[in-house]
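# Observations on the model geometry
Listed below, chain by chain, are the residues.
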Amino acid sequence: MVADSATYVGRFAPSPTGPLHKGSLVAALASWLDARAHGGQWLLRIEDVDAPRCSKAAADTILHQLEALGLHWDGELTWQSLRTGLYRAALDRLIADDFAYACACSRRDLEDQPLSLDGTRRYPGTCRDRFDVKPRAWRFRVPAGDLTFDDQLCGPVSIDVARDVGDFVLWRADGCCAYQLAVVVDDADQGVTDVVRGTDLLTSTPRQMLLQRALRMAQPRYAHVPLVLDAHGEKLSKQTLAKPLDPRDAVSDLVEALRFLNHAPPPEAIAAGRDALLAWGIAHWRLSACTRAPATTTT
Ligand code: GLU
């Protein structure tokens, strides 16, 4: 099921911790094409909530890269760093409804815990039922049991968040709102109906759904597209210093991303230039074709 064109709102939400690379282009292009093929809106949100890791220079580079690629967005650009009040209000609601609790544990207190799905330490629930806690951070009280959802590309996904992640952080000890809360508040506030992003975020989705339920917010449809891997089978990422997209290579990068998404453009669409290539992509877009990543790797 897809939203009709009048109601489709998609988004791309890069974190400005570095420039876009071929992996981020695949996610951006898939969400842009899905929005455009539905005649919907495509919003751009700069996820600079993690202030210590983000920079204005990286955000400017990302905007310049998207413009060079012809991936134009609708409406006002959104900056998470300007929306702290909204996130704080959501946290206050979660605290009032007893979905959130104060946590005094430091990183060191948790260093013997097993790693959770996202590489952080699984929280053992130390502060869950304490009332004498001087808050360092705020955590979500995760209900027991599996959360299952139907991803448009990955099919049914089932994760036991309590077992595999534990009570996750909503508000960090350094005063920053955590990604999971900010993204849920923003997607709801911006009326996002369709989230198309990389499978690196697949295991975050159940956490976001738990928050949507607790905050009584609408739940978007989700589609997680395959990740671009390097020659070692690792996800391309800013951390592994993936090569930034060069605005001068916009057409060849778009062709490569389209091929990766199993939408190989014919030579005449490539020769016709960037905007004609994107128009070809919109006309031929089938989200369901993006399930199998071709076995090629790129850097
Ligand atoms: N800001 C996240 C990132 O750059 C993406 C968030 C999302 O699409 O939900 O990985």
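Relevant structure appears above.
All values derive from a computational prediction rather than experimental measurement. (Residues numbered from 1 in each chain as written. Predicted model: local features only at pLDDT ≥ 70, side-chain atom pairs only at ≥ 80, totals over all residues. Heavy atoms only, no water.)

Below, the discussion takes up the overall build of the protein chain. Tallying secondary structure elements over the protein chain gives nine helices and 10 strands in all. For 299 residues, the compact-globule estimate of 2.2 N^0.38 gives 19 Å, and the C-alpha radius of gyration of the protein chain, at 20 Å, lies within 12% of that figure. By its C-alpha atoms, the protein chain is 70 × 40 × 35 Å across when sized along the principal axes. A buried classification covers 50% of the 299 residues belonging to the protein chain. Counting every atom, the protein chain has about 13,900 Å² of accessible surface; 53% of that belongs to carbon and sulfur. One way to put it: in the protein chain the 34 positive side-chain charges average out to a point 3 Å from where the 38 negative ones average out. (Helix = DSSP H or I, 4+ residues; strand = E, 2+ residues; numbered from the N terminus. Rg over C-alpha atoms; globule rule 2.2 N^0.38 Å. Buried < 20%, exposed > 50% of the residue type's maximum accessible area, 1.4 Å probe, protein only. Areas by Shrake-Rupley, 256 points an atom, 1.4 Å probe, with all protein chains shown as cover. Lys, Arg positive; Asp, Glu negative; His and termini not counted. Charge placed at Lys NZ, Arg CZ, Asp CG, Glu CD.)

Here we come to helix α3 (residues 84–96). Along its 13 residues, α3 runs 18 Å from first to last C-alpha, staying within 8% of the 18 Å computed at 1.5 Å per residue. At its buried positions, α3 is contacted by β4 (100–103), β5 (137–140), β8 (169–171), α5 (179–189) and α6 (205–214). (Expected span 1.5 Å × (residues − 1). Contact = heavy atoms within 4.5 Å.)

As a structural note, the neighbourhood of the ligand is formed by Arg 11, Ala 13, Pro 14, Ser 15, Glu 47, Tyr 179, Val 183, Arg 197 and Leu 201. In this structure, Arg 11 approaches the ligand through a side-chain N or O atom, which is 2.7 Å from an oxygen atom. At 2.7 Å from an oxygen atom of the ligand is found a side-chain nitrogen or oxygen belonging to Arg 197. Contact with the protein chains covers 80% of the free accessible surface of the ligand, which is 300 Å². (Near = heavy atom within 4 Å. Polar contact = N/O pair within 3.5 Å; in protein donor to acceptor, adjacent residues only side chain to side chain.)

Next up on the list: the pairing of strand β10 (residues 221–225). For β10, a buried count of four out of five residues is recorded, marking the element as mostly surrounded by other parts of the structure. With α6 bridging strand β9 (residues 194–198) and the parallel β10, this β-α-β connection has right-handed handedness. (Right-handed = clockwise from strand over helix to strand, strands pointing away.)

Take the packing of aromatic side chains next. Each aromatic ring pair is described using two quantities: the centre-to-centre distance and the angle formed by the ring planes. Applying the stated criterion across every chain yields a total of four aromatic pairs. Geometrically, the ring pair formed by Phe 99 and Phe 140 is stacked, given 6.1 Å between the ring centres and 20° between the ring planes. Remark: Phe 140 occurs in strand β5 and Phe 99 occurs in the loop between α3 and β4; sequence separation between them is 41 residues. Look at Phe 99 and you get partly exposed, because its relative accessible area is 29%. On the basis of relative accessible area, Phe 140 is assigned to the buried category, the value being 1%. Site record: aromatic cluster; members linked through ring pairs are Phe 99, Phe 140 and Phe 168. (Phe/Tyr/Trp six-rings, centres within 6.5 Å; stacked < 30°, edge-to-face > 60°.)

Let's shift gears to the pattern of salt bridges. In total, this model carries 23 salt bridges according to the counting rule given. Linking Asp 189 and Arg 83 is a salt bridge whose minimum nitrogen-to-oxygen distance equals 2.8 Å. Of the two residues, Asp 189 sits in helix α5 while Arg 83 sits in the loop between β3 (78–79) and α3, which places them 106 residues apart along the sequence. Of the charged contacts in the structure, one is a salt bridge between Arg 88 and Asp 92, with a shortest N-O distance of 3.0 Å. Placement of both Arg 88 and Asp 92 in helix α3 is noted, with a separation of four residues, approximately one turn of the helix. Sharing partners across several salt bridges, the network here consists of Arg 11, Arg 45, Glu 47, Arg 83, Asp 186, Asp 187 and Asp 189. (Salt bridge = Lys/Arg side-chain N within 4 Å of Asp/Glu carboxyl O.)

This brings us to the pairing of strand β1 (residues 9–12). Here β1 shows no split at all, with Val 9 and Arg 11 on one side and Gly 10 and Phe 12 on the other all buried. For the crossover that starts at β1, traverses helix α1 (residues 22–37) and ends in the parallel strand β2 (residues 41–46), the hand is right-handed.

Our next topic: α5. Of all 11 residues making up α5, eight are buried, and the element is well covered by its neighbours. What α5 keeps buried is the set Gln 180, Leu 181, Ala 182, Val 183, Val 184, Val 185, Asp 186 and Asp 187. Looking at the packing, one finds that the buried side of α5 touches β1, β2, α3, β8, β9 and α6. At the C-terminal side of α5, Gly 191 shows a positive phi close to 65°.

In the Ramachandran plot, Arg 216 falls in the positive-phi region, its phi being about 50° despite a non-glycine side chain. In this fold, Arg 216 is placed in the loop between α6 and β10. A relative accessible area of 63% means that Arg 216 is categorised as exposed. Here the phi dihedral of Asn 262 falls at roughly 60°; this positive angle occurs in a residue that is not glycine. With respect to the element layout, Asn 262 can be found in the loop between α7 (250–260) and α8 (267–271).

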